[in-house]
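Coordinate analysis (summary)
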Amino acid sequence: MNLNTPRHPWFRLTAAARQIRDERDTTAPYGFATRVAALACGQQRRVSSLVERFALRAVGLSCLLALLSVVLNYTELTTTPATTTSVDDFMLPIHDPVAVVLDYAE
């Protein structure tokens, strides 16, 4: 069953389809763009999940908490230990925050 033989029905059908010209008007009807825009704007908002609804508020709250923690610990960040004698020494904080949190956990 060879599709390339001239007597095969598929070959004849495709040859006939190539010869036909489509003379129909292909322009959009008057007001079509307005109707499409009205349908797009008139769609109901999709229901968003709880996470999507409060995501921006959660980001704002986390930024506020980070800023608050910097303000509360500003004295700890600006004080230098009295044990350092030279600029080349690596300065460690006096209070380790992880140790403080683990002490509260016990």
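A quick note: this is a predicted structure, and the numbers were derived from the prediction, not measured.

Turning next to the overall build of the chain. The secondary structure content of the chain amounts to 5 helices and 0 strands. By the burial criterion, 2% of the 106 residues in the chain qualify as buried. As presented, the chain carries roughly 10,800 Å² of accessible surface, and 64% of it is formed by carbon and sulfur atoms.

Right, let's talk about the pattern of salt bridges for a bit. Where charged atoms of side chains with opposite charge meet at close range, the side chains can pair. Under the defined criterion, the tally for this structure stands at 1 salt bridge. Its salt-bridge partner being D22, residue R24 comes within 2.9 Å of it at the nearest N-O pair. Across the pair, exposure class does not vary: R24 and D22 are exposed alike.

Turning our eyes to something else, we now look at the side chain of H8. Tracing the sequence through the fold places H8 in the segment before α1 (9-19). Looking at H8, its side chain comes within polar contact range of the main-chain nitrogen of W10, at 3.1 Å.

The subject of this paragraph is the confidence of the model for the chain. Any region with low pLDDT has predicted coordinates that should not be read closely. Of all residues in the chain, 79% have pLDDT values of 70 or greater, and the mean over the chain is 79. In the model of the chain, helix α5 (residues 97-105) stands out as the element of lowest mean pLDDT, 74, in contrast to α1, which has the highest, 89.

A few words on a nonpolar patch on the surface. Residues L61, L64, L65, L68 and L72 make up a contiguous nonpolar surface patch of about 530 Å² in total accessible area. Relative to the helices and strands, L72 is located in helix α3 (residues 50-72). Assessed through its relative accessible area of 62%, L72 is described here as exposed.

How each quantity is defined
- Residues numbered from 1 in each chain as written.
- Predicted model: local features only at pLDDT ≥ 70, side-chain atom pairs only at ≥ 80, totals over all residues.
- Heavy atoms only, no water.
- Helix = DSSP H or I, 4+ residues; strand = E, 2+ residues; numbered from the N terminus.
- Buried < 20%, exposed > 50% of the residue type's maximum accessible area, 1.4 Å probe, protein only.
- Areas by Shrake-Rupley, 256 points an atom, 1.4 Å probe, with all protein chains shown as cover.
- Salt bridge = Lys/Arg side-chain N within 4 Å of Asp/Glu carboxyl O.
- Polar contact = N/O pair within 3.5 Å; in protein donor to acceptor, adjacent residues only side chain to side chain.
- pLDDT = per-residue confidence, 0-100.
- Patch = residues over 30% accessible without salt bridge, like charges linked within 9 Å, V, L, I, M, F, W, Y side chains within 5 Å.

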